[in-house]
Amino acid sequence: MTLQLSELTSADIWKLAHRLSLREKLAFERLAGAAYDPAALAVRLIQNPGISFAGRDDMGEVQAAGGFQSLRPGVWRTWFMATEDAWRHHGAAVTEITAGVIARMLAEDLAHRIETVTLADAKVARRWYERIGLSYESTLRGYVNVDTDAVMYAAVKTQERA
């Protein structure tokens, strides 16, 4: 089985929001401070898609998707969703596709900064962010609630990358 980069549709976003891995659902809940609502997540992403991409399996089913929402010119915030099957059967491809999209955005001057926020205790996610080309930048104390910090990861275009 392979995973191929493709365009993302609104229907894909809807399907993925309803098929997320339990780990990702829990992360969304903790960051939002509310119960996971797949319909609300799908609507939010569909209404503000920015730049997006999908990873499809051999049957054409979307297994993972990600995107970038513009914060201001040249600065983008990431979002990402994947099924359990995506990680179990296509983890390397998911990583390669995502890292490639980030590298192209920087190389093609679509972005000079790409950032993401995740839970400070999300060790697996933090390792993955480094594998896709983002670097730890800061701890956001009390970002989630009084007892829960988040962390910022970013890829920044520098003279060396230009």
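Preceding this paragraph is the structure being described.
Rules and cut-offs
- Residues numbered from 1 in each chain as written.
- Predicted model: local features only at pLDDT ≥ 70, side-chain atom pairs only at ≥ 80, totals over all residues.
- Heavy atoms only, no water.
- Core = buried A, V, L, I, M, F, W, Y, C linked by side-chain atoms within 4.5 Å.
- Buried < 20%, exposed > 50% of the residue type's maximum accessible area, 1.4 Å probe, protein only.
- Helix = DSSP H or I, 4+ residues; strand = E, 2+ residues; numbered from the N terminus.
- Salt bridge = Lys/Arg side-chain N within 4 Å of Asp/Glu carboxyl O.
- Arc of directions from axis to C-beta.
- Patch = residues over 30% accessible without salt bridge, like charges linked within 9 Å, V, L, I, M, F, W, Y side chains within 5 Å.
- Areas by Shrake-Rupley, 256 points an atom, 1.4 Å probe, with all protein chains shown as cover.
- Contact = heavy atoms within 4.5 Å.
- Phe/Tyr/Trp six-rings, centres within 6.5 Å; stacked < 30°, edge-to-face > 60°.

(A) Just the nonpolar core, in detail. Core analysis: the biggest nonpolar cluster contains 23 residues, and Phe68, Val94, Ile102, Met105, Ile114 and Leu134 have the highest contact counts within it. Put simply, the parts of the chain that give this core at least two residues each are strand 3 (62–72), strand 4 (75–82), helix 4 (84–107), helix 5 (123–131) and strand 7 (148–156). With 7 residues, the single largest contributor to this core is helix 4. Residues Leu20, Tyr36, Leu45 and Ala54 belong to the second largest nonpolar core, which totals 14 residues.

(B) Inspection of the pattern of salt bridges at higher detail. This structure, assessed with the given rule, holds 7 salt bridges. Between Arg30 and Asp121 there is a salt bridge, and its shortest N-O distance comes to 3.1 Å. Here Arg30, found in helix 2 (residues 22–32), pairs with Asp121, found in the loop between strand 5 (113–119) and helix 5; they are 91 residues apart in sequence, far enough to count as distant. Residue Lys157 pairs with Asp109 through a salt bridge whose shortest N-O separation is 2.3 Å. With Lys157 in the segment after strand 7 and Asp109 in the loop between helix 4 and strand 5, this residue pair connects regions lying 48 residues apart in the sequence. With a relative accessible area of 18%, Lys157 lands in the buried category. One network of salt bridges, with partners in common, ties together Arg77, Arg113, Glu115 and Glu137.

(C) Broad picture of the environment of Met152. Mapped onto the secondary structure, Met152 falls in strand 7. A relative accessible area of 9% places Met152 in the buried class. Here the alpha-carbon distance between Met152 and Arg56, two residues 96 residues apart in the chain, equals 28 Å.

(D) Fine view of helix 1 (residues 10–19). Within helix 1, burial applies to Asp12, Ile13, Leu16 and Ala17. Seen end-on, helix 1 carries its buried residues on one side only, within an arc spanning 130 degrees.

(E) Quick look at a nonpolar patch on the surface. Residues Trp14, Val43 and Ile46 make up a contiguous nonpolar surface patch of roughly 240 Å² in combined accessible area. Along the polypeptide, Val43 turns up in helix 3 (residues 38–47). Take Val43: its relative accessible area is 38%, and that puts it in the partly exposed class.

(F) Molecular detail of the side chain of Thr148. If you trace the backbone, Thr148 turns up in strand 7. For Thr148, the residues in contact, after removing those within four places along its chain, are Arg30, Leu119, Gly142 and Tyr143.

(G) Here's a closer look at the packing of aromatic side chains. For the coordinates displayed, the defined rule picks out 8 aromatic pairs. Each ring, one from Phe80 and one from Trp128, has its centre 4.9 Å from the other, and the planes form 45 degrees; the classification is tilted. With Phe80 in strand 4 and Trp128 in helix 5, this pair connects stretches of sequence that are 48 residues apart. Between Tyr129 and Tyr153, the ring centres sit 5.8 Å apart and the planes meet at 40 degrees, which makes this aromatic pair tilted. You can see Tyr129 sitting in helix 5 and its partner Tyr153 sitting in strand 7, a full 24 residues away along the chain.

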